[in-house]
There are 2 protein chains.
Amino acid sequence: MSAAPQSREEFKQRLHAIGDERYHDKHPFHHLLHSGGCTVDQVRAWVVNRYYYQSRIPMKDAAFLSRVDDHRLRRTWRHRIEDHDGTTEGTGGIERWLKLAAGVGLDPEYVRSGVGILPATRFAVDAYVRFVREEPLLPAVASSLTELFAPKIHKDRIAGLLKNYNFANEETISYFQHRLSEAPRDVAFGLEWVLDNAVTIEGQDSAAAALIFKTEVLWAQLDALNSAYVDPGRIPLGAWMPGEGLA
Amino acid sequence: MSAAPQSREEFKQRLHAIGDERYHDKHPFHHLLHSGGCTVDQVRAWVVNRYYYQSRIPMKDAAFLSRVDDHRLRRTWRHRIEDHDGTTEGTGGIERWLKLAAGVGLDPEYVRSGVGILPATRFAVDAYVRFVREEPLLPAVASSLTELFAPKIHKDRIAGLLKNYNFANEETISYFQHRLSEAPRDVAFGLEWVLDNAVTIEGQDSAAAALIFKTEVLWAQLDALNSAYVDPGRIPLGAWMPGEGLA
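Residues numbered from 1 in each chain as written. Chains lettered and ligands numbered in written order. Predicted model: local features only at pLDDT ≥ 70, side-chain atom pairs only at ≥ 80, totals over all residues.

(A) Region of the structure containing the overall build of chain A. Per the secondary structure count, chain A includes 11 helices and zero strands. Taken over C-alpha atoms, the radius of gyration comes to 18 Å for chain A, in line with the 18 Å a tight globule of 247 residues would show. Considered along the principal axes of its C-alpha atoms, chain A spans approximately 60 × 40 × 35 Å. Among the 247 residues that make up chain A, the fraction classed as buried is 45%. Taking the intrachain contacts of chain A between residues at least 6 apart in sequence as the baseline, contacts between residues at least 24 apart amount to 80%. (Helix = DSSP H or I, 4+ residues; strand = E, 2+ residues; numbered from the N terminus. Rg over C-alpha atoms; globule rule 2.2 N^0.38 Å. Buried ≥ 20, exposed ≤ 12 C-beta atoms within 10 Å, placed from the backbone. Contact = placed C-beta atoms within 7 Å.)

Structure follows, in structure tokens:
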């Protein structure tokens, strides 16, 4: 016989504790970035690599949609794709990220091409897309709940970039400004859905494991970035080199 | 060395010829339906089974989106999902199909449940979703080109249903009315995309094979429907029986 599930409130606290312990706001690279300690090339390396994550988010959400047979749930989830892909030229998170790329002196078409992305970034991001494509819907939704912890990092980032870097202005940081309103709305729905659907201890464990997995996906990207461009700064063959891909 | 590809015009004619020969407007069940020869139970059987196809179309399109790394192509393709899932309660092709279900006396919740769908319908439809999820993008797009042939069948159906059946009115046939404007816009884009991307004879062959495959997916559904409910009328165990699922 299964153990009893945690209460809704206990389980919610468990999810929040995962963020407190593991979310990538604690990664040294983010401290360096937000405090103004990054060189422009380190910022560029972050922009190039993080683009790959951004670019796969709508593909991940479409993979989720493709497995949902309730058109009402699809309808609610679909606006995540709209947020990222936009509705017309010049709108959506992906094009906003490319404005940041242009702002730091990169050629947006180079960034879009995917050339120069660290293999470890690809491996981590592709693992996330595969997870959402293949795992049961409960862990698939739970893996999105890192958005619970995103508003704080976005606020810190906006303040830190504006204070410390010449490239930062309303246009170049518009991606983060939009996420401040989008992420809380998305995660309010996702959290309720997970709390409603994780009604056995096995379900709760699978959802918690999915959220831990997702924090690992985010953390591994920063470890790879830090290793290549900060400490020890050993850039893998084929990855972006300072001077490449400039506008 | 490969054979030379067909010219754009030759290849386009080849695609059209596939429809002329194989599209399901030639299936005897459609002749029976449009001419008023169906009993109400045969219409209900069609509505129950065709719902499964309708319900999987946005999942198929999401599976396609999940594989497209160009956000502009995703943005263009995304409106297919919007057309089917709608933007608010009461909108979209799936809910319009459920109005048809209600119009023929079925309980829309029964139809949505998927109970009673013929196994052969599931097999055919699931094969289509799998095809779009797994095959290269060119055949995945080409498999949607049966929409080239859809306007005629929708016009025939609207006229035939309105003339021959008491249940047919503006509300119950609104699904087909909407498809009259949606399908030509979608297929205009899809056809251009296929013509632009099928630039080798191997690519052209794969696109033509995909379109043939899709006509088989449609035809097989009608053969199964006809076998179960018309001729010889042998309903497989577990499939919808007259009297079930009524409102």
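(B) Geometry of unusual backbone geometry. Here the amide bond leading from D231 of chain A into P232 of chain A is cis, since omega sits at 10°, within 30 degrees of zero. Checked against the element boundaries, P232 of chain A lands in the segment after α11 (201-229).

(C) Representation of the relation of the copies chain A and chain B. Turning chain A through 180° and shifting it by 0.0 Å along the axis lays it on chain B, with an RMSD of 0.0 Å. One copy is carried onto the other by what is essentially a two-fold rotation axis. Nearest to the rotation axis, the C-alpha of A62 of chain A is located 2.5 Å from it, this being the minimum over chain A. The residues that chain A uses at the interface reappear at the interface of chain B in 100% of cases, marking a shared surface. (Least-squares fit on C-alpha atoms with pLDDT ≥ 70 in both.)

(D) Up close: the packing of helix α1 (residues 8-22) of chain B against helix α11 (residues 201-229) of chain B. All names here are of chain B. Running from N to C, α1 and α11 point in directions that differ by 20°, and their axes come no closer than 10 Å. As judged from the angle between their axes, α1 and α11 are roughly parallel. Crossing geometry of α1 relative to α11 is assigned as right-handed. Residue-level contacts link F11, R14, L15, I18 and R22 of α1 to Q204, A208, L211, I212 and T215 of α11. Residue classes in the contact of α1 with α11 are distributed as six nonpolar, two polar and two charged. (Axes fitted to C-alpha atoms, helices over the stretch in contact; angles between N-to-C directions. Parallel < 35°, antiparallel > 145°, perpendicular 65-115°, else oblique. Left-handed = near helix turned anticlockwise from the far one by under 90°. Nonpolar A, V, L, I, M, F, W, Y, C, P; charged D, E, K, R; others polar.)

(E) Layout of the environment of V132 of chain B. All names here are of chain B. Considering the arrangement of structural elements, one finds V132 in helix α7 (residues 119-134). Residue V132 is classed as buried on the basis of its 26 C-beta neighbours within 10 Å. In the structure, V132 is positioned 10 residues away from A142 in sequence and 9.7 Å away in space, judged by C-alpha atoms. In this view, V132 contacts K60, A63, F64, A140 and S143; residues no more than four positions away in its chain are not counted.

(F) Structural context of the packing of helix α5 (residues 93-103) of chain B against helix α10 (residues 174-197) of chain B. All names here are of chain B. Relative to each other, α5 and α10 sit at 145°, their axes nearing to 8 Å. In contact with G93, R96, W97, K99 and L100 of α5, α10 contributes S174, Y175 and H178. Per-class residue counts for the contact of α5 with α10 are three nonpolar, three polar and two charged.

(G) Molecular detail of the interface of chain A and chain B. Every contact between the two is made by 18 residues of chain A and, on the other side, 18 residues of chain B. If you list the elements that add at least two residues to the side of chain A that touches chain B, you get α3 (40-65) and α4 (71-85) of chain A.

(H) Just the nonpolar core, in detail. Counting 132 residues, the largest nonpolar core has V47, A101 and L225 of chain A together with V47, A101 and L225 of chain B as its most contacted members. In this view, V47 of chain A contacts L100, A101, V104, L106 and V111 of chain A; residues no more than four positions away in its chain are not counted. (Core = buried A, V, L, I, M, F, W, Y, C linked by C-beta atoms within 7 Å.)

(I) Looking closely at α4 of chain A. With 15 residues, α4 of chain A ought to run about 21 Å at 1.5 Å a step, and its terminal C-alpha atoms sit 20 Å apart, in line with that. At W77 of chain A, α4 of chain A shows its maximal kink, close to 25°. Turning to α4 of chain A, the residues buried within the fold contact α3, α5 (93-103) and α10 (174-197) of chain A together with α3 (40-65), α4 (71-85) and α5 of chain B. Following α4 of chain A by one or two positions, G86 of chain A adopts a phi angle in the positive range, close to 80°. (Expected span 1.5 Å × (residues − 1). Bend = angle between axes of the 7 residues up to and from the residue.)

(J) Structural view of helix α1 (residues 8-22) of chain A. Residues and elements named next belong to chain A. Between its terminal C-alpha atoms α1 stretches 21 Å, which fits the 21 Å expected from 15 residues at 1.5 Å a residue. For α1, every residue scored as buried is listed here: F11, L15, I18 and G19. Considered in projection along α1, the buried side chains sweep an arc of 95° and stay on one side of the axis. Of the residues in α1, the exposed ones pointing more than 90 degrees away from the buried face are E9, E10, A17, D20 and E21. Buried-residue contacts for α1 involve α10 and α11. (Arc of directions from axis to C-beta.)

(K) Here's a closer look at the confidence of the model for chain A. Residues of chain A with pLDDT of at least 70 account for 100%, and the chain-wide mean is 97. Scored by ipTM, the complex comes to 0.92, with pTM at 0.94. (pLDDT = per-residue confidence, 0-100.)

(L) Quick peek at the environment of A159 of chain A. Its place among the elements puts A159 of chain A in helix α9 (residues 150-164). Residues A159 of chain A and H34 of chain A, spaced 125 residues apart in sequence, show a C-alpha to C-alpha distance of 7.8 Å.

(M) Seen up close, the environment of G238 of chain B. The residue G238 of chain B is located in the segment after α11 in this model. For the pair G238 of chain B and S35 of chain B, spaced 203 residues apart in sequence, the C-alpha separation works out to 29 Å.

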